[in-house]
Amino acid sequence: MTAKPWIVPELTSENRLPMHSVPHSDRIMLDGRWRFQLLHTPEEAPATRWSEADVPGCWTMQSFFDLPHYTNVQMPFPGNPPQLPDVNPTGIYERDFDLPAEWLAGRRIVLHVGAARAC
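Cut-offs used in this document
- For every chain, the first residue of the written sequence is number 1, and numbering continues from 1 along that sequence.
- Since the coordinates come from a predicted model, pLDDT governs what is reported: local features require at least 70, and pairs of side-chain atoms require 80 or more to be given and counted, while whole-chain, interface and lining totals use all residues.
- The side-chain numbers reported here are obtained from all heavy atoms of the structure, hydrogens and water having been left aside.
- A run of DSSP states H or I qualifies as a helix once it reaches four residues; a run of E qualifies as a strand once it reaches two. Both are numbered from the N-terminal end.
- A 1.4 Å probe rolled over the protein chains alone gives each residue an accessible area, and that area as a share of the maximum for its type sets the label: buried under 20%, exposed over 50%, partly exposed in between.
- Two residues form a contact once any of their heavy atoms are found within 4.5 Å.

Right, let's talk about the environment of Phe65 for a bit. For Phe65, the location among the structural elements is in the loop between β2 (51–55) and β3 (90–94). A relative accessible area of 40% places Phe65 in the partly exposed class. C-alpha of Phe65 to C-alpha of Pro89: the two residues are 24 residues apart in sequence and 8.9 Å apart in space. Once residues lying within four places of it in the same chain are set aside, the contact partners of Phe65 are Leu38, Leu39, His40 and Pro89.

Okay, structure coming up:
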């Protein structure tokens, strides 16, 4: 391995265990179908009508207007950072879920979104 692993574009991890979920009795799994909107820009107002998307999942692989971008040489957008392109797809996810009644009495509740990331 090179002394500077961050300059090797093929390297996506090193000494990392495979990702997995660990079931716990005090966790609620939120995988499944979520309400979803894909906006053209972060400033665009959300609509009243929602689609659905699978979570975990990637909207570019679920028949929405935004397509995957593959690059290892240059950014697939015009301009230099931090300039953003005119079309900057932004996804909004929404889901309802119920907390067990016993969790509501003097307990700290944390929503941990473990594998989400922006690309």
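More follows now that the structure is in view.
Turning next to the environment of Leu38. Along the polypeptide, Leu38 turns up in strand β1 (residues 32–39). Separated by 53 residues in the primary sequence, Leu38 and Gly91 have C-alpha atoms spaced 4.5 Å apart. Discounting chain neighbours no more than four positions away, the residues touching Leu38 are Trp59, Phe64, Phe65, Asp66, Pro89, Thr90 and Gly91.

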